[in-house]
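Chain residues, written in single-letter form:
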Amino acid sequence: MKTIFFNLMFQGWPEMVALIFTAFSIIGYNASLKSILRYGLILASLIWLVRAMSVPFGLHTLVGVFGFILIMHKIAKVSLVNSFYVTFFVQFMLASLETIVHFTVNKVFGVVFVTQDWLWILIGWPQIIIILVFGWIIKKWLRPWILSKFKNGGILHG
């Protein structure tokens, strides 16, 4: 139980906050920092509750994806289709970055086990930072630039 709480507070929650921030940036929903933190904690808690049960491997990911889709649909008021696309895009980005980071760490330092709490958490932070920076770039420059190029301004709206 200690490991679940430990990972939730230092890896799972910041990761979900980064994903939600980036997804909100993509769809153009302006949420407060408090809201983003709250939804990140809710999503991370949901995933870790499923993970704590003895369920087949990967089920926590499916629950997280569906929870993410519902948050995007209900909170940001975008269609289920757009929620689905944005959710899978940021999840794909996370999975790609995790694969690259873990592969690199394994090649440079050797295998890092989940039981090595602090080291395991440190390996998770590069992708969190990259996703946050990506979301910030979208929010500040990319989305306004794209919307300024189209007269109707609604190409990315739900």
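Residue positions are given per chain, counted from 1 along the sequence in the order it is written. Local features in this predicted model are restricted to residues whose pLDDT is 70 or higher, and side-chain atom pairs enter the listing and the counts only when it is 80 or higher, whereas totals over whole chains, interfaces and linings include all residues. Values shown for side chains rest on all heavy atoms present in the structure; no hydrogens or waters enter the calculation.

### Observations regarding the overall build of the chain
So, point 1. Within the chain one finds 5 helices and 0 strands.
So, point 2. Each residue's exposure class comes from its accessible area (1.4 Å probe, protein chains only) as a fraction of the maximum for that residue type: buried when under 20%, exposed when over 50%, partly exposed otherwise. Expressed as a percentage of its 158 residues, the buried residues of the chain come to 39%.
So, point 3. Residue pairs at least 24 apart in sequence account for 65% of intrachain contacts in the chain once pairs closer than 6 positions are excluded.
So, point 4. Using a 1.4 Å probe, the Shrake-Rupley method yields the accessible areas, and only the shown protein chains count as cover for residues. Looking at the chain as shown, the accessible area adds up to about 9,600 Å², and 75% of this sits on carbon and sulfur atoms. Numbering of helices and strands starts at the N terminus; helices are DSSP runs of H or I of at least 4 residues and strands are runs of E of at least 2. The contact rule is simple, with two residues in contact once any of their heavy atoms fall within 4.5 Å.

### What to know about the environment of tryptophan 48
So, point 1. Mapped onto the elements, tryptophan 48 comes out in helix α2 (residues 33-52).
So, point 2. Residues tryptophan 48 and glycine 64 lie 16 residues apart in sequence; the distance between their C-alpha atoms is 9.3 Å.

### Re the confidence of the model for the chain
So, point 1. Confidence of the predictor at the level of single residues is captured by pLDDT, which takes values from 0 to 100. Per-residue confidence for the chain averages 84 on the pLDDT scale, and 85% of its residues sit at or above 70.
So, point 2. Helix α1 (residues 2-27) is the least confidently modelled element of the chain, averaging 79 in pLDDT, while helix α4 (residues 80-109) averages 92, the highest of any element.

### Section: the nonpolar core
So, point 1. In this text, buried Ala, Val, Leu, Ile, Met, Phe, Trp, Tyr and Cys residues form a nonpolar core when linked through side-chain atoms within 4.5 Å. Counting 29 residues, the largest nonpolar core has Phe24 and Phe68 as the members making the most contacts within it.
So, point 2. Where this core is concerned, the elements lending two or more residues are α1, α2, α3 (59-75), α4 and α5 (117-149).
So, point 3. If you tally residues by element for this core, the top one is α1, at 10 residues.

### Quick look at unusual backbone geometry
So, point 1. Phi is positive for lysine 77, which is not a glycine, with a value near 60°.
So, point 2. Tracing the sequence through the fold places lysine 77 in the loop between α3 and α4.

### As for the packing of α3 against α4
Each pair of packed helices can be described by the angle between their axes along with the distance between the axes.
So, point 1. At a minimum axis distance of 9 Å, the contact between α3 and α4 shows a crossing angle of 130°. Between α3 and α4, the angle is such that the two are oblique. Of the two possible hands of crossing, α3 and α4 adopt the one that is right-handed. Judged by residue contacts, Val65, Phe68, Ile69, Met72 and His73 of α3 engage Leu80, Ser83, Phe84, Val86, Thr87, Phe88, Val90 and Gln91 from α4.
So, point 2. Note on residue categories: nonpolar means Ala, Val, Leu, Ile, Met, Phe, Trp, Tyr, Cys or Pro, charged means Asp, Glu, Lys or Arg, and polar means any other residue, Gly included. Looking at side-chain class alone, the contact of α3 with α4 contains 9 nonpolar, 4 polar and no charged residues. Fitted lines through C-alpha atoms serve as axes, helices being fitted only where they are in contact, and the angles separating the N-to-C directions of these axes extend from 0 to 180 degrees. Note on terminology: angles under 35 degrees are roughly parallel, angles over 145 are roughly antiparallel, angles of 65 to 115 are roughly perpendicular, and the others are oblique. Should the near helix be turned anticlockwise from the far one by less than a right angle, the crossing is left-handed, and should it be turned clockwise, the crossing is right-handed.

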